[in-house]
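# Coordinate inspection notes
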Amino acid sequence: MKTSPLAVSLALLCATELTSAARLKLYGRPAPRRVGGVLNRRASVVGNTSVGDLGDVQYNTDITLGGQKFSVQIDTGSSDLWVTGSVPNAKNTGKSTKVQYAVDAVEGSIFTAPLEFAGYTVNDQAFLNVPPSSAGTGLIGLGPNTGSRVKDALGSTSSAGDPVLDRIFRQNTSTPNYITVLLGRIRDPTDPPIGELTVGELLPGYESVTSQPKLPVSTVASSNSANQHWQILLDADGIIGPAGNNVIDQFNVETAVSSTSNDKQLTVVLDTGYSLPQVPPRVAEAFYKDVPGASLVNRAELNGQVWQIPCDKEVNVTFKFSGVKFPIHPLDTNLDLNLTDSSGKSVCVGAFQPMNPQDDATYDVIFGMAFLRNAYTYINFGDFVDGSSAATADPYVQMLPTTNDTAEAHADFVKVRGNSPWTPSDATLGERLRARLPLIIGLAVAGGVLVLIAIGACLWSRRNKRQRTAFFRPTYQPLHDPAPPEAHDLHLVNNQSQGYHPSSYSNPWDARY
């Protein structure tokens, strides 16, 4: 039985509550309508536009800017703060800038005003004041500072342009330089769609996240620093498909990031502002191709291809980071976005959307909300070194799996969507060969070249051998040349006038001996 959309909307529009000095409640709500897409990603995270007003959620929290409260979306995939509407006590810097997202942008003047966020106060935080629109009331970027357009516009002489978390950490050097994020799940009958964001503290009951493997943040070249994200490496066998199969191996999935030493390790961006996770096409195919009734279609409202599947088909997949498994809740792999097919029948979509690699790619995968709802995520910005507010250690990520009770997840799915069993299967021989077709063609070409080289070497060797033999061989009269006259007429030999008279042999008893 499906949850009533009206009931969901009422549940999602619950009030935000500041629970402690460094902990904020997050609430999910339907994403605002946008013409041509939604502002769910920064420009350098290239991929298909995520869902607009189709039942998608975005995660918001409250900030106070200039003494006025604003509801802003949290976004670990971007770095700047922007709000719409009038901000009391704001000062105009005289500068403006534009923040480009995947399918749209926000643009406006840069102001500064006192900011209160997660129990911390920043006296002169720079932000972009955007004219009111349907984009929402604001967004706070929690990503690396190298992507900040506001910071670039104000220049290095003004620290006001630094991203919010950088300002907080630098003026509070005793505060550990990390944030944690826990996202709730919409339409989950067991857990509410309310999450939490903390700055410098851990959520009670989730302290074991710090004992999880430390996943180093992969850094991009300094010349490409605007594309720096919270990005980590997936295990070489880190994608487990619905049949329990090794997707990376069976479908020959390889990284498009040239700096990665292991071709089988994919670089993953963690982005709370991204609704549908973006994966290589072969990964999406491995997840959804065998689902009965599945088809790969273009959906204009999703700005690209997506696997369209029946809503009652449970799809179970798992990811691995440093050996730790992260099962994905089936309500997060099969999303109900209130869509219909060409015949008007309700359909759902595979949450993991195919994304083709870009030129000079710095990542392979974007794990947005549908993945992050299955992990408690700890992002360490790099602790300050020797008490300095400038030098820091290398950043890293730790994650704690939260969808560990697969029986409960199955029961949740059946309660919300119903139960229509199907049997997943491994990749067929043909699919494995097709996935390796470029390699097979390459090997065939290389083999052909080697055969030609071998034939050429053989011919050269034989020719060279004949030349050496001719050099050392005595000269004989060729058989096809005319024979000397003597060979034809024995009368021409010596004593030819007397005929042939063989000499008589001497007697061994002859006196001459």
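Cut-offs applied
- Residues numbered from 1 in each chain as written.
- Predicted model: local features only at pLDDT ≥ 70, side-chain atom pairs only at ≥ 80, totals over all residues.
- Heavy atoms only, no water.
- Core = buried A, V, L, I, M, F, W, Y, C linked by side-chain atoms within 4.5 Å.
- Buried < 20%, exposed > 50% of the residue type's maximum accessible area, 1.4 Å probe, protein only.
- Helix = DSSP H or I, 4+ residues; strand = E, 2+ residues; numbered from the N terminus.
- Contact = heavy atoms within 4.5 Å.
- Pairing = 2+ DSSP bridges.
- Axes fitted to C-alpha atoms, helices over the stretch in contact; angles between N-to-C directions.
- Polar contact = N/O pair within 3.5 Å; in protein donor to acceptor, adjacent residues only side chain to side chain.
- pLDDT = per-residue confidence, 0-100.
- Expected span 1.5 Å × (residues − 1).
- Disulfide = S-S within 2.5 Å.

Moving on: the nonpolar core. Grouped together as the largest cluster of nonpolar side chains are 79 residues, with contacts concentrated most on F117, F319, F321, F367 and M399. The element that contributes the greatest number of residues to this core is helix α5 (residues 281–288), accounting for five residues. Filtering out sequence-adjacent residues up to four positions away, M399 remains in contact with V209, Q212, L215, I232, L270, F321, F326, F371, A375, Y376 and T377. In terms of nonpolar packing, the next biggest core, distinct from the first, is built from 11 residues, V99, V106, V130 and A160 among them.

Take the sheet that holds strand β20 (residues 324–327) next. Judged by pairing direction, the sheet is antiparallel, and its three strands sit side by side in the order β14-β19-β20 without closing on themselves. Among the strands making up the open sheet, the edge pair consists of β14 (239–240) and β20. Taken together, the four bridges between strand β19 (residues 318–321) and β20 define a ladder with antiparallel strand orientation. Following the sheet pairing, T318 is matched in β20 by P327.

For the rest of this paragraph, the subject is the sheet that holds strand β21 (residues 334–340). Here we have four strands laid out as an open sheet, ordered β17-β18-β22-β21, and antiparallel in their pairing. Both outer strands of the open sheet, β17 (295–299) and β21, are each paired with one neighbouring strand and no more. Here the average twist between neighbouring strands, direction ignored, is 50 degrees. As paired strands, β21 and strand β22 (residues 346–350) are joined by four bridges and run antiparallel to one another. Paired with N334 across the strands is G350, a residue of β22.

The next thing to look at is the side chain of H229. Its place among the elements puts H229 in the loop between β12 (215–216) and β13 (231–233). Separated by 3.5 Å, the side chain of H229 and the backbone oxygen of N227 make a polar contact.

Mean pLDDT over the chain stands at 79; residues scoring 70 or higher make up 72%. Counting contacts from residues 1–21, a segment whose pLDDT is below 50, to residues more than four positions away or on other chains yields 35 contacts. Long-range and interchain partners of residues 495–500, a stretch whose pLDDT sits below 50, account for one contact in this model, where long-range means more than four residues apart.

Time to look at helix α8 (residues 406–417). Helix length check: α8, at 12 residues, gives a terminal C-alpha distance of 16 Å against a target of 16 Å (1.5 Å per residue), a fit within 8%. Of the residues that open α8, the one with a side-chain oxygen 3.3 Å from the backbone nitrogen of A407 is D405.

Here we take up helix α3 (residues 164–171). In terms of burial, α3 is largely enclosed, as six of its eight residues are buried. Turning to α3, its buried residues are V164, L165, D166, R167, I168 and F169. If you follow the buried residues of α3, they end up packed against β5 (81–84), β7 (105–117), β8 (120–130), β9 (138–141), β10 (178–182) and β11 (194–199).

Attention now moves to the state of the cysteines. Summed over the entire model, instances satisfying the criterion amount to one disulfide. Across the disulfide, C311 is cross-linked to C348 (sulfur-sulfur distance 2.0 Å). Here the S-S torsion is close to 105 degrees, and the disulfide linking C311 with C348 is therefore right-handed. Taken together, the positions of C311 in the loop between β18 (304–309) and β19 and C348 in strand β22 put the pair 37 residues apart, joining distant regions of the chain.

What follows covers unusual backbone geometry. One non-glycine residue, N89, adopts positive backbone phi at about 60 degrees. Along the chain, N89 falls in the loop between β5 and β6 (91–100). With a relative accessible area of 63%, N89 lands in the exposed category. One non-glycine residue, D360, lies in the positive phi region at around 50 degrees. With respect to the helices, strands and loops of the structure, D360 is situated in the loop between β23 (353–354) and β24 (365–367).

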